[in-house]
Amino acid sequence: MMAGKGSVKLSIYSTFDDKGTKQAERAIRAFTKQCGEVDKATGALRIDDTTRRLVEQSVQADRAAQKWAGYSSTLTSVGSRMTAGITLPIAAAGAATMAAAIDIDTALTGVKKTVDGTEEQYEELKEAAIEFSKTNAVSASQILDIQALGAQLGFAIEELDEFGQVVSGLDIATNMSAEQAATEMAQLANITKMSHEEISNYGSAIVGLGNNFATTESDISSMAMRIAAAGTQVHMSQADILGLSTALASMGVEAEAGGTAISTIMAQIDKDVALSGEVMSGASGMAQKDAEKVVGALETWASTAGMTAEEFAAAWKKDPVEALSALLSNMESTTAEGGNMSVMLEELGIDSIRQTDIMKRLAGNSELVGEAVAKSNDEWQKNTALQNE
């Protein structure tokens, strides 16, 4: 029996991974082994060279495909990393820049609505805000918002740049919010007739005081708002008002109650000094009894301060803070020598609970008042504390 020639068709299915290639190789080995066994048994079945070459080429093609699949996966991974590490941040930065530009333009529109000016002036404010934001922890749009608030509070367009910088500085360096700093500074300026050119001095004084005494800038500012009217009435400077406010706040005096109490006392002293002057000059037109009462009140203030009536009146007119400090200091020393604080206060006509509490605190710490006022005036004159912060 002659051996016949047969042909075998192999179909190899694979995927682009290592498993598919290994399965194909195992199939070839199994087929070859099987064909070899059949050939030995019958001498009729053989694998022709063409089929073998086709099978081998199929495996090689599968391996090549596997490599390209690997390259594709690698490229996809690289592309993903480039997208995540480069493309997306660039896109995000671009979006953030666009959003910031929109915020700036929106804030500038707010400025335009609150103050009249030329386009050149508005552009100067915008550029100044951007430059300031580069070196300080505040955005340009926030500065422009503060400038708009300043315009609402009465600052002219040429004053808004400095206003924005001072308020931003207080917002950054103190526990005051931008709104509180702006509003209370502007209102204090209105009450005390402080020049808008001095707002930087105000900022430096309040920062310097907050850094050196046991209180906060917010509490100092709140107290100053309470005593500003009375302080201005008795001719205290803005620095004096801030210094006295610091002393009061450092002793735990609350702004609302304490500010009203000390304002009432200062107003009474000022009234007694003024009326006594009229009586002494003969221009009062008072009845004898009333005139004696007025003069007696001044003499009581004076004796409590360790002065004559004339000395105390002159001291009060020249420097009310110094006169008040002398009064408190002498009360403290008198108490230390055995005097009674409550009796002295009663003689001065100070009998309300809040007023007596304030005077006892101040008289018990008379040096603190002088130190705080001196520090306030020093920081006001140097005008550097806010910038240094």
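Located above this text is the structure these notes cover.
S.K.: Explain a negative patch on the surface to me, using residue names and the numbers behind them.
M.R.: A cluster of acidic residues, E120, E123, E124 and E127, forms a negative patch at the surface. Relative to the assigned elements, E123 resides in helix α3 (residues 119–135). Look at E123 and you get partly exposed, because its relative accessible area is 36%.

S.K.: If you had to explain the nonpolar core to someone new, which residues and values would you point to?
M.R.: Across soluble globular proteins, nonpolar side chains have a tendency to be buried as a group. With 91 residues, the main nonpolar core has Y202, F312 and W316 as its most contacted residues. Broken down by element, the residue count for this core peaks at seven residues, all from helix α6 (residues 178–192). Those residues within four positions of W316 in sequence are excluded, and the remaining contacts are V234, M266, I269, D270, V273, A323 and L324.

S.K.: How would you summarise the packing of helix α12 (residues 309–318) against helix α13 (residues 320–336) if you had to cite specific residues and measurements?
M.R.: Look at α12 against α13: their axes get within 5 Å of each other, and the N-to-C directions meet at 135°. By the angle between their axes, α12 is oblique relative to α13. Seen from α12, the contacting residues are F312, A315, W316 and K318; seen from α13, they are P320, A323 and L324. Along the lines of polarity and charge, the residues of the contact of α12 with α13 split into six nonpolar, no polar and one charged.

S.K.: Could you give an account of helix α4 (residues 140–152), with specific residues and numbers?
M.R.: For α4, built from 13 residues, the straight-helix expectation of 18 Å at 1.5 Å per residue is met to within 8% by its first-to-last C-alpha distance of 19 Å. Just past α4, the residue G154 takes up positive phi, approximately 105°.

S.K.: Tell me about the pattern of salt bridges, and name the residues and values.
M.R.: Here the idea is simple: oppositely charged side chains can pair when their charged atoms come close. Within this structure, the stated rule accounts for five salt bridges. When the shortest N-O distance is used, the salt bridge between E119 and K112 registers 3.5 Å. Residue class for K112 comes out partly exposed when judged on its relative accessible area of 33%.

S.K.: Tell me about the layout of surface pockets, and please be specific about residues and values.
M.R.: The calculated volume of the largest pocket comes to roughly 260 Å³. Secondary structure elements with two or more residues in the lining of the largest pocket: α5 (160–173) and α17 (385–388). Considered class by class, the residues forming the lining of the largest pocket number five nonpolar, five polar and two charged. Size it by volume and the second largest pocket reaches roughly 180 Å³. As for the second largest pocket, its lining consists of T264, I265, Q268, D272, A297, T300, W301, E347, L348, G349, I350 and Q355. Looking at the lining of the second largest pocket, the elements with two or more residues in it are α10 (255–281) and α11 (288–305). Residue contributions to the lining of the second largest pocket peak at four residues, all from α10. Across the lining of the second largest pocket, the residue classes tally to five nonpolar, five polar and two charged.

S.K.: Please provide a residue-by-residue account of the packing of aromatic side chains, values included.
M.R.: In this structure the tally under the stated criterion is two aromatic pairs. For the ring pair F155 and F163, a centre distance of 4.5 Å and an interplane angle of 50° mean the geometry is tilted. When the centroid spacing of 6.3 Å and the interplanar angle of 25° are considered together, the rings of F312 and W316 count as stacked. With F312 and W316 both in helix α12 and four residues apart, the pair spans about one turn of that helix. As far as burial versus exposure is concerned, F312 and W316 are alike and both buried.

Cut-offs and rules
Residues numbered from 1 in each chain as written. Predicted model: local features only at pLDDT ≥ 70, side-chain atom pairs only at ≥ 80, totals over all residues. Heavy atoms only, no water. Patch = residues over 30% accessible without salt bridge, like charges linked within 9 Å, V, L, I, M, F, W, Y side chains within 5 Å. Areas by Shrake-Rupley, 256 points an atom, 1.4 Å probe, with all protein chains shown as cover. Salt bridge = Lys/Arg side-chain N within 4 Å of Asp/Glu carboxyl O. Lys, Arg positive; Asp, Glu negative; His and termini not counted. Charge placed at Lys NZ, Arg CZ, Asp CG, Glu CD. Helix = DSSP H or I, 4+ residues; strand = E, 2+ residues; numbered from the N terminus. Buried < 20%, exposed > 50% of the residue type's maximum accessible area, 1.4 Å probe, protein only. Core = buried A, V, L, I, M, F, W, Y, C linked by side-chain atoms within 4.5 Å. Contact = heavy atoms within 4.5 Å. Axes fitted to C-alpha atoms, helices over the stretch in contact; angles between N-to-C directions. Parallel < 35°, antiparallel > 145°, perpendicular 65-115°, else oblique. Nonpolar A, V, L, I, M, F, W, Y, C, P; charged D, E, K, R; others polar. Expected span 1.5 Å × (residues − 1). 1 Å grid on protein atoms, 1.4 Å probe; cavity = no way out; pocket = protein on both sides within 12 Å on 5 of 7 lines; lining within 4 Å. Points joined across faces, edges and corners; volume = space filled by probe spheres on them. Phe/Tyr/Trp six-rings, centres within 6.5 Å; stacked < 30°, edge-to-face > 60°.

The values are spatial; any link to function lies outside them.
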